Structure formats: structure tokens, C-alpha cells
Amino acid sequence: MDVAPGTDPDSLRIRLHAGKADIPALGWKRIGLTLDGRLQRDIQLRWLFDGTVQLAGAPGGALGNAMLNLVVDATANTLEVDANQGATHIATAFPLDQPTHAQINLRNLPASWLQGLFATVWQGHIGGGKLDADLALDLRDEGFESSGSFNVTDLKYATPAGNVAGEGLAGHARYEFDATRHPAQLALNGGIRGGQLQFGPVLARLPTHEVVLDMGASTEHGGLDVSHLHLDDSDALALDGALSVDAKGNVQKLKLDHFQGRFPAAYDRYGQPWLDSALAPNLHIAGQLDGHVDYAGDTWHSFAFHTDGLDVADSAGQLQANGLHGGVDWSAQTDKSPTTFGWNQLVLRRVAVGAAQSHWRSHNGSLSLQSPLDIPIFKGHANVTALDWRPTASKAQRLNLSANVVGVDVTTLNQTFGWTPFTGTLGGTISSMQWTGDRYAMDGELTFKAFNGTAVLNHIAVQQPLGDSPVVFGDIALHQLDLASLTDTFNFGSISGRLDGSIDGLQLVGGNPVAFKASLLAQDGGRISLKAANNLSIITGGSAASGLQGAVLKLFKTFNYKRIGLHGSLQGGVCALGGLDGDADGYTIVEGSGLPFVHVVGEQDKVDWPTLVRRLKASSQGSVAER
């Protein structure tokens, strides 16, 4: 510290430097401090200091070069400190006999300057913004208490984990904060607008108009426990409840006593990221939804949803729900009154479901269908006879479903998915369903009646049904399919007779086969055309009949055969092929009978799956398949 006579007779020039100083009112510790200015006493016996202050190491470069005015008035028992740096102004008043109590006025203060004060109770990071505030601050050994009001603009902050949680925020509030208690307590009443706010999985894109916010919370170890929360965005979302978020921003508890969403505004401002993840990206939602939820410790305790009209659709046309109405009400502990929920139309991956209405009741922790639900689908019906959902049970026991499928029109089904059209019906029974992870496995069987025979599907399972590439598993048993109808439908060439077989371990990803083990056998004989014989040879790596043999065979339209057999096993993108028998020269696919004698041999026992698919497509199009 240097002291010298000032330029005025009654003044002193003081220069003070401290390498490590604390400014408790702002939570700044161990910072460099330099004061340089004039000290004098006025006629009211007050001590006045006018000069500059330079701090080194304060958050956000605070008061790096500021004008400073101090007034010490022993008669009034006050110490007043005014600091100005550019547009920023700090005014502070302390009782001399109680320097731990301060009245503070802040104008255009960079919010990052308060990092040190908040660091005592919150380990996040303030990245930007400007603040006006009028507040009282009491410093105690066990912490501090503060109350007052503030306005903030362009606020940016990050969680203790470093994730941006707020950006471009503006708002105002009255507040009370008590950091002397553990955990620290916060009460806030005001409004926010503009910018983005991340709260757990919810990314709020706030409107330009004010959103009412009233909350009481406690904070400890970087987490936030909101004991009461009232939010009102007049044309989008209103809610009352409580929630808890850990230091990483993960929701640990969510209890909304009531919420009401008005769409599309509620989705655009509050629902997009987490609803896109849960359902589908880029949703279009119109209508309203209200209800309540209670979730804690990774477990649902209760929920209820009701709508007088809600439409939901994704941008890709894979998900669509029109005219949702009614609701459901479930509790893990309490029985609930019956509810009704219905729709005008549902579309899931081009599967359209007609209008239906369902009746539900929560009893003993299970949300159960109260009467059979008849769902129109592909000109037939799916009659759901039982459906029980137990949200708190283990995933293997969470869902129970049984249903009968009757009269589904296969022609309509094929047209919907762009498959080769053929006539038939689909029906059967699903006796139960198990849900494990993202996989849904069904007991029972479905039967295609087509080509004057049947194809029975069982051991059916679906994984990620709402994902970009759903995975379907199953086994198929073929019984007495009419080969004449089958080959005519796919333009393969004429074959008569009956086909039996199996396709076990079928696995489809996004509609494309990636695994199966197939065995196809026509063992009662029949007739086969030259085109069909040539196609069987070509797709298995052989060649069409040529030369003298080809010329002779072309004199006949069809040939008798005794048996046809083909086996295939797809794994890892390669299909292993076999037939009725085999040796080093190949394997028999068609065993002829009588004269003229036809005998078709497959040459390749392993073929890349894309190559085999190209050959099958070429055979149905009447062109020469690639070898």
C-alpha cells in the first residue's frame, strides 16, 4: 500500500495492491486487487474515495478496469460502494456494524460475473447474458441468503456435466434463495421468454411472449429437486407438479398433478426432441391433450391422458393417427373408473386400421381391455379378446394379448406393401405376447390360405416395430401349395403338382431377408415346362439347355417329373444351396420321369444373396439371369 499527499490539500493519494483478496458479496475469492485513487473527508465528516479498481482473475473478467467510488458515513452507519465499467454499474450499501448484510443494485451486469457466488451451491457454468437486479444479501458462516428481483437477457448456462442447458433466455422474477440450509432452497416467481431451455429430455424452445413460471426447489450436488412447479404458456402448455433432475440433467422424478397441451404449439416448443425419439421424427400434431403423470425411480406410479380430438402423423407417412378421442386412467396402487378410448383411423407402416373404440379399466396395477375390440384391417378383422398392460411388471410379464384374425384379404395386403399380387386370405390366433426389451414375441399361429394350399406362420416376433428398419422373426410351414398357380403368379414358368416345405428361422430386416433355413419339396410328381427347368438351373448356377439337347427339348412344351427339391440356408449374406441329392458335380433339383427325360442339376452350392435375388428377379421377368 502506498500513501502520498493528494493534489488537494485535504486529500491523500492511495494505491493499494493485494495479490489474493476476497469479495464475499459476489462470491469472488483469491483474486488480484489494485485500488488507485484519492481519499478525502467532506464537511459532513464522511470519507470519500474516488479512483479506479482493477481485478485479476475474477469470473468473466469482472472489473478489470473500473471506476470506483466509496463513501464511509459513520453517522449513518453505512458503507456505499459504486463501481462502473462501461455500461455495467454495481451499487452496494453495507451497515458498518454488520458488513455481512448488503443491499445491491446491479445494472447491465454480465451474468458470468456471478459464477463465484453460485459456485458455492451449483457446479454448473454461466456462459453469457446480462442482468439487472435489486437484491439483499446476507453472508453467514454456513452460506448466504438472498432475496430480491431481477431481469435477465440472453442468458446461457451449462450443467455441471458441461452440457448446454439454457441459451438465449430472457425473463424476470422475484426470488428467495437460502444457501445456509442443506440442501439450498430456491423460490422463484416470474416469467421467461425466448431462447432454449434443456430440462432432462425436454428441450423447450420458448416463445417471444412471456411464459409464467412459479417454482420452489432445492439444489445439492449439482442436482435440482423442484417441489412445486407452475408453468403457463398460454397457447401451448400449462402444468402444475414437481420434478427432480440430477447433475447430468437426467429426470429422476416427474409428478405432474395436471398438464394440458395445445398442439401443434406444445410439440414445437416443448415436445419435439423426446417425442421424435419415442415415436418418430418430424411429427405433425394437432388438437389438445390433458392428464397427469407420476414417475419416479425408473418406475411409473400412475398416469392419465384424455383428449377430445388429437391427430398425429410423421413426415414419412409411416405413422398416422386420426381422430384420437377419449382417454385412459391407470394407477399402480388404486383402482380407477372405466374409460373409453377410440380413433377414426390408424396407419402404421402402410398398415391402415379402421375406426374403433375400446374400453379400459385400471385394476390391481393392470390396465385391461374390458370388452373385445374389433379392428377392421385389410377388408378383414382383428378381434382383440384380451389385452392387459402392467407398466410396473418385469418386461417379460408386462404385456398380455390374445386376438383372433379373420378374413384378411391377401390381395389388399400385397398391394399395400407393393408385393406381387395374388389372392388369398389370412387368419389365425395369437394366444399371448411377451415383451422383452424392444422385442415383441407372439404365441399362436397365423395361416395364409393361398394357391389352394396353406402357409402357417408361428414363432412370430417383431423387434423395433417403430424403428427405421424393424426386424421380423418367424417360422413358416408350407402345405400342399398348387405349383401351377404359384409359378403362374410369379411368371416363373409352368410347374404342376403340390409343394410342401418349411422356412425356419426367417429373419427380415426392413423387409429384406437376412437369415433363414428353407426346404421345398414336390414329391408327388407333375409336369414342368422348359422355361421353368431352365430358370431352376440358372438361379442355382447352371445354364439353360442348349445345342442339340436344347433343340430337342424345345420340341416339347412340358415334361414329366418325379420329384422337385431345393434347400437353401441364408447366413451372413451367403445362401448355401442343395437339392434332392448331390455329388462333386452338383445336386439334383428336378428328377425326371419317362421320356423325354428332363434332369435339372444345380452347380453352385453357395451363392451371394444379392446375386441370387438378381437371378430370381430375372427369371420372373423372362430375361436371362446372371450366372
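Keep in mind that this is a model prediction, so the values were computed, not measured. Each residue is numbered by its place in its chain's sequence as written, counting from 1. In keeping with the predicted nature of the model, local features appear solely for residues at pLDDT of at least 70, side-chain atom pairs appear and are counted solely at 80 or more, and the whole-chain, interface and lining totals rest on all residues. Hydrogen atoms and water are omitted, and side-chain values are computed over all heavy atoms in the structure.

Engineer: I would appreciate a short explanation of the packing of aromatic side chains in the present structure.
Structural biologist: A ring pair, where both rings are aromatic, is described by two values, the distance of the centres and the angle of the planes. Side-chain rings of Phe, Tyr and Trp (the six-membered ring for Trp) are treated as a pair once their centres are within 6.5 Å; stacked means planes under 30 degrees apart, edge-to-face means over 60, and tilted covers the remaining angles. Across all of its chains, the model carries eleven aromatic pairs by this definition. Both rings, one in Phe303 and one in Trp389, keep their centres 5.7 Å apart while their planes meet at 40°; by these two values the pair is tilted. Remark: Trp389 occurs in strand β28 (residues 380–389) and Phe303 occurs in strand β20 (residues 299–314); sequence separation between them is 86 residues. With a 1.4 Å probe rolled over the protein chains alone, any residue whose accessible area is under 20% of its type maximum counts as buried; one over 50% counts as exposed, and the rest are partly exposed. Assessed through its relative accessible area of 5%, Phe303 is described here as buried. Residue classification places Trp389 among the partly exposed residues on the basis of a relative accessible area of 31%. Taking 5.6 Å as the distance between ring centres and 75° as the angle between the ring planes, the aromatic pair formed by Phe516 and Trp609 counts as edge-to-face. With Phe516 in strand β35 (residues 512–522) and Trp609 in helix α7 (residues 609–620), this pair connects stretches of sequence that are 93 residues apart. An aromatic cluster is present here, built from Phe259, Tyr295, Trp300, Phe303, Phe305, Trp330 and Trp389 joined pairwise through their rings. The rule for a charge over a ring is simple: NZ of Lys or CZ of Arg within 6 Å of the ring centre, and within 35 degrees of the ring normal. It is Arg439 that lies over the ring of Phe473; its NZ or CZ is 4.3 Å from the centre. Labels follow the DSSP assignment, with helices taken as runs of H or I lasting at least four residues and strands as runs of E lasting at least two, numbered in each case from the N terminus.

Engineer: Looking at this structure, how should I read the nonpolar core?
Structural biologist: Nonpolar side chains tend to gather and get buried jointly when the protein is soluble and globular. The biggest cluster of nonpolar side chains holds 143 residues, and the ones touching the most others in it are Trp28 and Ile528. With near-sequence residues (within four places) excluded, Ile528 lies in contact with Ser494, Ile495, Ala533, Leu536, Lys557, Thr558, Phe559, Tyr561, Ile564, Val590 and Val598. Take the buried Ala, Val, Leu, Ile, Met, Phe, Trp, Tyr and Cys residues and link them wherever side-chain atoms come within 4.5 Å; each set so joined is a nonpolar core. Whether two residues are in contact is decided by their heavy atoms, any of which lying within 4.5 Å being enough.

Engineer: Explain the environment of His599 to me, please; I cannot follow it from the model alone.
Structural biologist: Its location among the elements puts His599 in the loop between β40 (586–592) and β41 (600–602). Along the sequence, His599 and Ala533 sit 66 residues apart, while their C-alpha atoms lie 8.4 Å from each other. Other than its neighbours up to four places away in sequence, His599 contacts Thr588, Val590, Glu591 and Gly592. In protein, a polar contact requires one atom able to donate a hydrogen and another able to accept it; more generally it is a pair of N or O atoms within 3.5 Å, and residues adjacent in sequence count only if both atoms are side-chain atoms. A distance of 3.5 Å separates the side chain of His599 from the side chain of Thr588, its partner in a polar contact. Within the structure, His599 has its side chain in polar contact with the backbone oxygen of Val590 (distance 3.4 Å).

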